[in-house]
Amino acid sequence: MTADGNNQLISVQPNGLKFVFELEKPSFCDLKVVNNTEQHVAFKVKTTSPKKYFVRPNTGVVQPWDSSVIRVTLQAQREYPPDMQCKDKFLLQSTVVPANTDVDDLPADTFNKESGREIQECKLKVLYVTPSSRGNSEDEGFKSYPEHGADSNSTVQHLKEERDAAVRQTLQLQQELDFLKRRRQRRNGSGFPLIYAVVVGLIGILAGFLLNISLSSSALPPAAPFVDSSTTTFPPPAPSSPSPSPPVDSSTALPPPTSTSVGSSTEEM
């Protein structure tokens, strides 16, 4: 159903989207969604051209009497639309949800009309303007934000909070990225001791093999040293032993000569 008058769960400011259209340049428009009740209200943004627009957040929960800002970004276009006329439309759905409901806890059929919930809808048109007409505050019934001081301050404060939240999220993502880098470095560093141990083991095996070869070669008898032939001394020849006398036959042996004394030969004469 479409809400009218004071029965609206939420109100939207402005009541349409106006984009400054420039080729090859994105443009954005902010929508302020205000909860007009004492209940928690969930909203969802739909469009007829989801590929052209980027909506954040496209779903949310607004607390009682609170507000939320939705940023709709028109992605960079390569050509102008005919007569600068845009037929795109947006639909903002809203429904009451239980207190303290988080956006992540919303059931899948929250904005399904067949679920039996009361769902209100607000249709928004899209207007393209040229940079020269950018300063116009109102165009074809499109209204700008109220200029009341309190409301303006609330919007600025809300934008600051969103900015701070984005900064915190960026820092958190950076910390997670640094943690993953350190973890990857530790994993890469853990392989070095294993490789080092393998290399040391191979060196030890090779050293043992070489030592075994050296010990085996030392057990062999030493080879004769080379001697200079000019300084070689030969041992003196051994003395020859006298050759033995041949045996003599006793029958043919001559008697030994008898010595004749001078005195006996004188007596016979």
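Only a predicted model underlies this, so the values are computations on that prediction, with no experimental measurement involved.

**Here's the deal with the pattern of salt bridges**
Phase 1: Tallied over the entire structure, the rule returns five salt bridges.
Phase 2: Linking Glu22 and Lys25 is a salt bridge whose minimum nitrogen-to-oxygen distance equals 3.7 Å.
Phase 3: On the accessibility criterion, Lys25 (46% relative accessible area) is partly exposed.
Phase 4: Residue Arg117 is joined to Asp109 by a salt bridge in which the shortest nitrogen-to-oxygen separation is 3.9 Å.
Phase 5: Of the residues examined, Arg117 reaches a relative accessible area of 34% and is grouped as partly exposed.

**Concerning the pairing of strand β6 (residues 59-62)**
Phase 1: Only one face of β6 is buried: it carries Gly60 and Val62, and the other face, with Thr59 and Val61, is open.
Phase 2: Examined bridge by bridge, strand β4 (residues 40-47) and β6 share four bridges and lie antiparallel to one another. When the bridges of β6 are listed, Ala42 appears paired with Val61.

**Observations regarding the environment of Ser49**
Phase 1: Within the secondary structure, Ser49 is located in the loop between β4 and β5 (53-56).
Phase 2: The spatial distance from the C-alpha of Ser49 to the C-alpha of Lys89 is 7.8 Å, given a sequence separation of 40 residues.

**Observations regarding the sheet that holds strand β3 (residues 27-35)**
Phase 1: The antiparallel open sheet is built from four strands, whose spatial order is β1-β3-β7-β5. Sheet topology places β1 (10-13) and β5 at the edges, where each strand pairs with a single neighbour. Here the average twist between neighbouring strands, direction ignored, is 20°.

**Details of the confidence of the model for the protein**
Phase 1: Summary statistics for the protein give a mean pLDDT of 76 and a share of 65% for residues scoring 70 or more.
Phase 2: Here residues 137-150 is modelled with pLDDT under 50, and outside its nearest four sequence neighbours on either side it reaches 23 contacts, counting other chains as well.
Phase 3: Across residues 258-269, where pLDDT falls below 50, the model places one contact with residues more than four positions away in sequence or in other chains.

**Here we look at the sheet that holds strand β9 (residues 120-129)**
Phase 1: Read from one edge of the open sheet, five strands run β2-β9-β8-β4-β6, paired in mixed fashion. Both outer strands of the open sheet, β2 (16-20) and β6, are each paired with one neighbouring strand and no more. Ignoring strand direction, the axes of neighbouring strands in this sheet form an average angle of 25°.
Phase 2: Two strands pair when backbone bridges link them, and strand β8 (residues 89-97) and β9 are joined in this way by six bridges, in the antiparallel orientation. Note that in β9 the partner of Leu92 across the bridge is Cys122.

**Quick word on the pairing of β4**
For a regular strand, the rule is simple: side chains alternate between the two faces of the sheet.
Phase 1: In this structure, β4 lies alongside β8, joined through eight bridges in antiparallel fashion. Opposite Ala42, over in β8, you have Thr95 as the bridge partner.

**What to know about the packing of aromatic side chains**
Phase 1: Throughout the structure, instances matching the rule amount to five aromatic pairs.
Phase 2: Taking the centre distance of 5.0 Å and the plane angle of 40° together, the rings of Phe21 and Tyr128 count as tilted. Of this pair, Phe21 sits in the loop between β2 and β3 while Tyr128 sits in strand β9, placing them 107 residues apart in sequence. Summarising the burial analysis for this pair, Phe21 and Tyr128 share the class buried.
Phase 3: When the ring of Tyr53 is compared with that of Phe90, the centres are 5.0 Å apart and the planes differ by 75°; the resulting orientation is edge-to-face. Of this pair, Tyr53 sits in strand β5 while Phe90 sits in strand β8, placing them 37 residues apart in sequence.
Phase 4: Members of the aromatic cluster, joined through ring pairs, are Phe19, Phe21, Tyr53, Tyr80, Phe90 and Tyr128.
Phase 5: Sitting over the ring of Phe28, Arg71 keeps its end group 3.9 Å from the ring centre.

**Regarding unusual backbone geometry**
Phase 1: With an omega of -5°, the peptide bond between Gln13 and Pro14 qualifies as cis.
Phase 2: Relative to the helices and strands, Pro14 resides in the loop between β1 and β2.
Phase 3: The backbone of Met84 shows a phi angle near 55°, a positive value even though the residue is not glycine.
Phase 4: Considering the arrangement of structural elements, one finds Met84 in the loop between β7 (67-74) and β8.
Phase 5: On the basis of relative accessibility, which here comes to 19%, the residue Met84 falls in the buried class.
Phase 6: For Asn100, which is not glycine, the phi dihedral falls at a positive 60°.
Phase 7: Looking at the secondary structure, you find Asn100 in the loop between β8 and β9.

The rules behind the values
Residues numbered from 1 in each chain as written. Predicted model: local features only at pLDDT ≥ 70, side-chain atom pairs only at ≥ 80, totals over all residues. Heavy atoms only, no water. Salt bridge = Lys/Arg side-chain N within 4 Å of Asp/Glu carboxyl O. Buried < 20%, exposed > 50% of the residue type's maximum accessible area, 1.4 Å probe, protein only. Helix = DSSP H or I, 4+ residues; strand = E, 2+ residues; numbered from the N terminus. Pairing = 2+ DSSP bridges. Axes fitted to C-alpha atoms, helices over the stretch in contact; angles between N-to-C directions. pLDDT = per-residue confidence, 0-100. Contact = heavy atoms within 4.5 Å. Phe/Tyr/Trp six-rings, centres within 6.5 Å; stacked < 30°, edge-to-face > 60°. Lys NZ or Arg CZ within 6 Å of the ring centre and 35° of its normal.

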